[in-house]
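# Close look at the chain arrangement
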Amino acid sequence: DIMQAYQSSSITARSLCALSAAKKHQMKKQRISTTVKAQEFIATDKAPAAAGPYSQGIKSGGLLYTCGCVAFVPETMEIVEGGIEAETRQALTNMGEILKAGGSDFSKVVKTTIFITNMADFPKVNAIYSEFFNTPGPARSTVGVASLPKGGLIEIDAIAEC
């Protein structure tokens, strides 16, 4: 029967099977380590400095990923005054500087995510947003949030080709 045949199988056959599995695992590890892509960190003094352990942008695999851009005035690191329209314009201006530093621009953006503290501001955000992006614009998600850094009203990040 099958059970007797398994129990009587030689140690050599079982060892070969274990060796084969170990070799497959080692080959898989080697493939993983050779497919890691280089990353380039993007930084510019024309946009607010990173206020924590993150980068303004990262280039990897032909794409540029921006940090979440808030309405900080780069020279003061304070939120621009003037409400949601002014904050949206400043956040997108900051994003534009990061895109430029990474060799990209708004025409190459493929995806954005907008975080806003008041969904009622969405029409005002769209009006300013359309000044920066052509129609049709990039894919986009908009998320309502409870709060943002320093009491800001909006934060926007992007993924762009570069």
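Cut-offs and rules
Residues numbered from 1 in each chain as written. Predicted model: local features only at pLDDT ≥ 70, side-chain atom pairs only at ≥ 80, totals over all residues. Heavy atoms only, no water. Helix = DSSP H or I, 4+ residues; strand = E, 2+ residues; numbered from the N terminus. Polar contact = N/O pair within 3.5 Å; in protein donor to acceptor, adjacent residues only side chain to side chain. Contact = heavy atoms within 4.5 Å. Pairing = 2+ DSSP bridges. Right-handed = clockwise from strand over helix to strand, strands pointing away. Axes fitted to C-alpha atoms, helices over the stretch in contact; angles between N-to-C directions. Parallel < 35°, antiparallel > 145°, perpendicular 65-115°, else oblique. Left-handed = near helix turned anticlockwise from the far one by under 90°. Nonpolar A, V, L, I, M, F, W, Y, C, P; charged D, E, K, R; others polar.

The topology assignment puts T66 in strand 3 (residues 63–66). Within the structure, T66 has its side chain in polar contact with the backbone nitrogen of A158 (distance 2.9 Å). Other than its neighbours up to four places away in sequence, T66 contacts Q56, G57, M95, I98, L99, D157 and A158.

Bridge count between strand 6 (residues 109–116) and strand 7 (residues 139–144): six bridges; the pairing is parallel. Of the residues in strand 7, the one forming a bridge with T112 is R140. At this point the chain moves from strand 6, through helix 4 (residues 122–132), to the parallel strand 7, and the crossover so formed is right-handed.

What follows deals with the packing of helix 3 (residues 83–101) against helix 4. Their axes nearest at 9 Å, the elements helix 3 and helix 4 cross at an angle of 30°. One element, helix 3, and the other, helix 4, form an angle in the roughly parallel class. The chirality of how helix 3 crosses helix 4 is right-handed. Across the interface between the two elements, I84, E85, T88, R89, L92 and T93 of helix 3 pack against K124, V125, I128, Y129, E131 and F132 of helix 4. Split into classes, the residues belonging to the contact of helix 3 with helix 4 amount to six nonpolar, two polar and four charged.

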